[in-house]
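Structural overview for review
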Amino acid sequence: MKLLNVLATTALVTAAASMAAAEGANIFVIGGKPDDPFWSRVKMGAEDAGKVAEAQGGSVTWLGPQNYDNLGPDAAELIRQAIDQGADAIVGPDWVPEAMDPAFEAVVAAGIPLVIYNAGGLEAADRLGAMNYVGAVDYKSGYAGGEYLGAAGHKNGACVNTLPGAANIEAFCNGFNDGLAAAGGTGSVLQLPATAFGDATAVAQAVRAHLLQNPEIDAMFAIGDGDTNATVSGIQQAGKAGSVHVCGMNFNDSILANIQAGTQACAIDQQGYQQGFFAVSILNNFVNYGVTIPTREILTGPGVIDASNVALVIEGVKAGAR
Amino acid sequence: MSTTGRDQKTQSSLGNIVRRPETGSFVGLVFVFTFFAILGGPIFVGAPGWSSWLNIAAEVGIVALPIGLLMIAGELDISVGSVIPASSMTAAIVSGHFGLAAPIGILGGLGVGLLVGFINGYLVAKTKIPSLIITIGTMFAVMGLTLGFAVLLVGSTSVSLVADPLTKKLLGTFVGGMFNVSMFWWAGFVAIIFYLLHISPIGNWIFALGGDRESARNAGIPTANLTIGLYMLSGFAAAFVGILQLLTYTSAQVASGQPFIFNSIMCVVIGGVLLTGGAGSVVGIVIGTATFSIVNQGIFFSGLDPNMGSIFIGVLLLAAVLSNDGFRALTIKLSTKKS
């Protein structure tokens, strides 16, 4: 009797679920761990866009791995789980193409609209038959930093590379140098030996020595909070605070404080909130009304944070969106 | 006083100077300084150059001194690589995230170093497992705990701390805009450890421990307590460097500190400490640290490819070991001639 009850309830719930599906869009979002600071912002964006979906009778479900130890296969499993749960649309990052592409192909084969976000770029979206790519591009983030400092009148830049050989760091640095060149300056790369990685003092002293030896340098770019803080210190120790300006990738509260104090010119943000928000919005509108965004490759970054908008960013941090 | 051969200051023949373990290291120091002075020019020889390598030397030097004592006693400590971030993260979380006064966070960070040192020392003293393996184990354990607690408590892998002006002044400012206060702390560590190794009776115990642990115990030296004490000193020094970095750069990262493992060992070996234990000196370790730092920083003043610096360090290390062996052979030859 009891079992029968349970079965009846399950049937009811399932019926209700499929009815809801007929009305709104049930969107499944595959992303990082919800307690990861970056991904918590992406999740917030997806859920904020999900409020519209909910008002229309749909839903947004976040699927994230427990940890990053087995990222590719775990994420592929989450994609299949979304298909099995009857998703009307799926958003996912193409972190590990070898492991995840077959699962994304299954999404497209099942006729479910797909948007790739965060990782993979437009190439992945085209290869897999996804509607669009929503995310930032490393090269363009570096480019924004170079362009910003170039526009501020700086002519000679150096990009601090503490991980020579890492493809994404090289993309940031190439972007920075090209951005500076576009504004009429020239850029170079300060390559640090591997023994310096993670050692703030080694990075700061290398920056300082490099600046003393190359007094024509007036702009610097660093990747990540730690290297940026160390670079700022190196500039101060070289006695060049105020004349050499620095931009860095990403930010935390000490970086924001530096921007407020004027010791750092700008920080480049890939704006994770936008990734979740726009990927979900695009799919929700498509499933409900069949409308599309013909612009391919929706860039959510680079967003430039400088003295002019830092106060707004601090408000955004308090709200959990940045 | 003792007759173990560490203070035979009465003789001052040429043979005696050559026989001093740090002579080879000093020759190396003069060589690299001259080399980079020629390439780096006036900026390297002036205050900017000196402060540049001294800032590097101070931090690695504070870690290298107790590592040197451990190596003289025939042991290694790899765990310093994760004690540094563990200490700075602890202090940053306690004082930066939870908002307690900076000295409380600093004590917490130093406490983490002492605790890890105690565990290392206890395990090395009570088991037959080589200290290399034990401290690799504690290094990974501490690294995992640091990351785990950081994500659990703060939800981030980097935490910032803006300390009160006095704490910042004592532990994280630059004198004259370029000389980091860390070098005065380094000088303090040098004085204390010089006293420990070369003046107090503990020094002889450490040499005896490195010579032969079994005989040292039979001679009545409290080997277990000595080992634990040395590891706690090493944990404390590493934790102290973590605090210095936190206050200088106002933020702590879970992934910092790894370079210190090999860098500190290299300073000690370049400084003439015997890898098998039983020989070495504080002066040698300081010279080794200076040599290492001059190469590391000089490369940026010289206009050479920074990767060349690593080649230099590697060659110096091998040269140091070879010359140590050479000097030892010479020492033995000279002393047998005398007797």
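Residues numbered from 1 in each chain as written. Chains lettered and ligands numbered in written order. Predicted model: local features only at pLDDT ≥ 70, side-chain atom pairs only at ≥ 80, totals over all residues. Heavy atoms only, no water.

Things to note about the pairing of strand S9 (residues 245-249) of chain A
Residue and element names in this part refer to chain A. Keep this limit in mind: The classification of residues rests on relative accessible area computed with a 1.4 Å probe and restricted to protein chains. Under 20% of the type maximum is buried, over 50% is exposed, and intermediate values are partly exposed. A run of H or I in DSSP counts as a helix once it spans at least four residues, and a run of E counts as a strand once it spans at least two, with each numbered from the N terminus. Whether two strands pair depends on DSSP finding at least two bridges between them. Throughout, right-handed denotes a crossover for which the path from the first strand over the helix to the second runs clockwise when the strands point away from the viewer.
Where burial is concerned, most of S9 is hidden: four out of the five residues are buried. Here five bridges tie strand S8 (residues 219-223) to S9, and the two strands are oriented parallel to one another. Along S9, the bridge assignment pairs alanine 222 with glycine 248. This β-α-β element, S8 to helix H9 (residues 225-237) to S9, shows right-handed connectivity.

A closer look at the pairing of S8(A)
All names here are of chain A. Most of S8 sits out of view: five of its five residues are buried. Residues Ala219, Phe221 and Ile223 line one face of S8 and the alternating positions Met220 and Ala222 line the opposite face, and both faces are buried. As paired elements, strand S6 (residues 156-161) and S8 share four bridges and run parallel to each other. Residue pairing for S8: cysteine 159 is matched across the bridge by phenylalanine 221.

Some remarks on the interface of chain B and chain A
Quick note on the threshold: Any two residues having at least one pair of non-hydrogen atoms within 4.5 Å are treated as being in contact. Accessible-area loss on putting two parts together, using a 1.4 Å probe and summing over both, is the definition of buried area adopted here. Any carboxyl oxygen of Asp or Glu that lies within 4 Å of a side-chain nitrogen of Lys or Arg is treated as forming a salt bridge with it. Between N or O atoms, a polar contact is any pair within 3.5 Å; within protein, one atom must be a potential hydrogen donor and the other a potential acceptor, and residues adjacent in sequence are included only when both atoms are from side chains. Charged residues are taken to be Asp, Glu, Lys and Arg, nonpolar residues to be Ala, Val, Leu, Ile, Met, Phe, Trp, Tyr, Cys and Pro, and polar residues to be all remaining types, Gly included.
In this assembly, 35 residues from chain B lie in contact with 30 residues from chain A. With both sides pooled, the region where chain B packs onto chain A buries about 2500 Å², and carbon together with sulfur makes up 53% of that total. Between chain B and chain A we count zero salt bridges in total. Counting across the interface, chain B meets chain A through eleven residue pairs in polar contact (both at pLDDT 80 or more). Among the elements that line the side of chain B that touches chain A, the one with the most residues is helix H3 (residues 47-72) of chain B, at seven residues. Considering only residue class, the side of chain B that touches chain A consists of 14 nonpolar, 20 polar and one charged.

Some remarks on the nonpolar core
As a rule of thumb, soluble globular proteins bury nonpolar side chains together. Here is the rule: Nonpolar cores are built from buried Ala, Val, Leu, Ile, Met, Phe, Trp, Tyr and Cys residues. Side-chain atoms within 4.5 Å join them into one set.
With 112 residues, the main nonpolar core has Leu192(A), Val207(A), Leu211(A), Met220(A), Phe36(B), Ile62(B) and Ile206(B) as its most contacted residues. It is H3(B) that contributes the most residues to this core, 15 residues altogether. Those residues in contact with Ile62(B) that lie beyond four places of it in its chain are Ala57(B), Ser182(B), Trp185(B), Trp186(B), Phe189(B), Ala237(B), Phe240(B), Val241(B) and Leu244(B).

Re the state of the cysteines
Residue and element names in this part refer to chain A. The condition that has to hold: Note on disulfides: each one is a pair of cysteine sulfur atoms within 2.5 Å.
One pass over the structure, following the stated rule, counts two disulfides over all chains. Each sulfur of the disulfide joining cysteine 159 and cysteine 173 lies 2.0 Å from the other. Taking the sign of the S-S torsion, about -70° here, the bridge from cysteine 159 to cysteine 173 comes out left-handed. With cysteine 159 in strand S6 and cysteine 173 in helix H7 (residues 167-182), this pair connects stretches of sequence that are 14 residues apart. Here cysteine 159 and cysteine 173 have matching classes, each one buried. The disulfide partner of cysteine 247 is cysteine 266, and the S-S distance across this bridge is 2.0 Å. Disulfide cysteine 247-cysteine 266: the torsion about the S-S bond is 120°, which places it as right-handed. You can see cysteine 247 sitting in strand S9 and its partner cysteine 266 sitting in strand S10 (residues 266-269), a full 19 residues away along the chain. In terms of burial, cysteine 247 and cysteine 266 fall into one category: buried. With its disulfide-bonded cysteines labelled consecutively along the sequence, chain A is connected as 1-2, 3-4.

Things to note about the domain arrangement of chain A
Note on interface size: it is often stated as the accessible area lost on association of the parts. To keep it simple, the criterion reads: An automatic or database domain assignment is the source of the domain bounds shown.
What the domain assignment lists for chain A is domain 1 (2-136 + 271-291) and domain 2 (138-269). Summarising the inter-unit geometry, the C-alpha centres of domain 1 of chain A and domain 2 of chain A are found 37 Å apart.

Description of helix H2 (residues 37-55) of chain A
Residues and elements named next belong to chain A. As a reminder of what qualifies: Here the expected length of a helix is defined as 1.5 Å per residue gap, with one fewer gap than residues. Bend is computed residue by residue as the angle between axes fitted to the seven residues ending at the residue and the seven residues starting at it.
For H2, spanning 19 residues, the distance from its first C-alpha to its last is 28 Å, which sits close to the expected 27 Å at 1.5 Å a residue. At alanine 49, H2 shows its maximal kink, close to 25°. Against the buried residues of H2 lie strand S1 (26-30), strand S2 (59-63), strand S4 (114-117) and helix H11 (272-289). Immediately downstream of H2, the backbone of glycine 57 shows phi near 90°, a positive value.

Considering the sheet that holds S8(A)
Each strand in a sheet pairs with another by means of backbone hydrogen bonds, the pair being arranged parallel or else antiparallel. All names here are of chain A. Using the following cut-off: Axes, fitted as lines to C-alpha atoms, cover a helix only where it is in contact. Angles between the N-to-C directions of the axes lie from 0 to 180 degrees.
The strand order S7-S6-S8-S9-S10-S12 describes an open sheet built from six strands, whose pairing is mixed. The sheet is open, and its two borders are formed by strand S7 (186-191) and strand S12 (303-306), each paired with just one other strand. Each neighbouring strand pair of the sheet contributes to a mean axis angle of 20°, computed without reference to strand direction. Most of the contacts of H7 go to S6, to which it runs at about 175°, and overall it touches S6, S7, S8 and S9.

A word on the environment of Thr61(A)
Residue and element names in this part refer to chain A. Mapped onto the elements of the fold, threonine 61 is located in strand S2. You can call threonine 61 partly exposed: its relative accessible area is 27%. Sequence separation of threonine 61 and asparagine 258 is 197 residues, and the distance between their C-alpha atoms is 37 Å. Excluding anything up to four places from it in sequence, threonine 61 contacts Ile27, Phe28 and Val29.

Some thoughts on the sheet that holds S4(A)
Residues and elements named next belong to chain A. One open sheet holds the six strands; their spatial order is S2-S1-S3-S4-S5-S11, and the pairing between them is parallel. Since the sheet does not close on itself, it has two edges, and those belong to S2 and strand S11 (298-299), each with one partner. Pairing of S1 with S2, which is carried by five bridges, proceeds in the parallel orientation. The residue bridging valine 29 from the neighbouring strand is tryptophan 62, located in S2.

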